[in-house]
Each structure stands twice: as C-alpha cells, then as structure tokens.
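Reading the structure
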Amino acid sequence: MVKEKEFLAAFEEVFVYQARKKFGLSGDLTKREKYLRPLFIPVYVILLYFFTQNHYVIPLAILMLVGCAWLSAIAMDSIRMIYHRRRTLAESRKGFGFREIEDFTFREKLFSYLISAFVLTGIFATGMFVITFIRTGESGVHVFIGMLSIPLVLFYNLRNDRDFKRKPSV
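Remember, it's a predicted structure, so these values are computed and weren't measured experimentally.

Evaluation of the coordinates by the stated rule reveals 3 salt bridges. Two residues, Arg85 and Glu13, come together in a salt bridge whose shortest N-O distance is 2.5 Å. Of the two residues, Arg85 is situated in helix α3 (residues 57-92) and Glu13 in helix α1 (residues 2-22); the sequence distance between them amounts to 72 residues. Among the ionic pairs, Arg80 bridges to Asp77, the shortest N-O distance being 3.7 Å. Of this pair, Arg80 and Asp77 both sit in helix α3, separated by 3 residues, roughly a single helical turn.

This is the structure we're talking about:
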C-alpha cells in the first residue's frame, strides 16, 4: 500500500509539472518558451485539421511522426522523473527498496521506456485514427506511421542514459 501511495504521489507531481510545462506555466522555462509553448498545441491541432481536411497524406504522416516522437520523449522523460520522485519520497519517509531508473538493468529500462511510450503515443494515435475515420470515413492507417518514432526515441534515451552499458540482472 505504501508503494502505491508513493508512486501515485510521484505520478501526480510529474503530471502537474508536465501540464504546467505544456502551457508555459512552469518556473524553469525561459521567457521565450513561456510564450511559445502555449502556441504549439493549437498550431499543431490546426495543422492536423488542415492536412486531414485536404487529404494531404504525406504532410499528415510527417506531422504524426513528429507528434508521436514528441509524445514518446515526454513519456520517457516522465517515467524517469516519476522513478526519481518516488525514490525521493521513499527516502524522506525512511522507506527503502526503490531505485532510480539509472540503477535499472538495460532490460528494465527498455521495458519501462517502451511501456510508457506505447501507452501515451498509442492513445494519441488511436484518437487520431478515430477522429480521421469519423471526419473523413477513411481508415487512415497512415496515422499509425507515427508509432515508428518510438524505437528512435527509445534508442536516443537509452544512448543518453549515464550508464548505457549492460548491468547484470539482480
């Protein structure tokens, strides 16, 4: 029960932080980011609508690829922050047994990153598939091209982790 409380508390903090960051309300953003970030989502949605309405397949596929890569990066960064915050909360309550994501084996990192990226990006791609189908009546399978970005973002994150080398499983 304690493990779930710490995980939920960490998840809530990271979720609020990411939401504030998306809308330019986070304190760690530069002045330029504070003004540009709130514009990114509406511009992205307008472009999605325009490309879908006019049946521009290639620009829509590229936009989906960029959007899914962006969401995969957010998901992987968020899971890293959740594990860090969870460990911090456990240490403040004299609880032990939680590890940072940097302490994970290669396989544990791989699954942690993949699960978080597939969930967030999958929700987005499925939503776009449904919207495209309702709006145009087409199956819009090209929407799932964005899912191809997950392995690229995964490799980038694993490559940039401090200890990329394989650790023996415990």
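Here the narrative resumes.
For the rest of this paragraph, the subject is the packing of aromatic side chains. Applying the stated criterion across every chain, the model contains 7 aromatic pairs. Arranged with centres 5.8 Å apart and planes meeting at 55°, the rings of Phe50 and Phe51 form a pair that is tilted. Given a relative accessible area of 15%, Phe51 falls into the buried group. Three or more aromatic residues joined by ring pairs make a cluster, and in this case those are Phe40, Tyr44, Trp70 and Phe124.

Turning our attention to helix α4 (residues 106-136). Helix length check: α4, at 31 residues, gives a terminal C-alpha distance of 43 Å against a target of 45 Å (1.5 Å per residue), a fit within 8%. Along α4, the positions that sit buried rather than exposed are Lys109, Ser112, Tyr113, Ser116, Ala117, Thr121, Gly122, Ala125, Met128 and Thr132. Its buried side turned inward, α4 meets α2 (31-53), α3 and α5 (149-160). One or two residues past the end of α4 sits Gly137, with phi positive at roughly 80°.

Conventions we followed
- Residues numbered from 1 in each chain as written.
- Predicted model: local features only at pLDDT ≥ 70, side-chain atom pairs only at ≥ 80, totals over all residues.
- Heavy atoms only, no water.
- Salt bridge = Lys/Arg side-chain N within 4 Å of Asp/Glu carboxyl O.
- Helix = DSSP H or I, 4+ residues; strand = E, 2+ residues; numbered from the N terminus.
- Phe/Tyr/Trp six-rings, centres within 6.5 Å; stacked < 30°, edge-to-face > 60°.
- Buried < 20%, exposed > 50% of the residue type's maximum accessible area, 1.4 Å probe, protein only.
- Expected span 1.5 Å × (residues − 1).
- Contact = heavy atoms within 4.5 Å.

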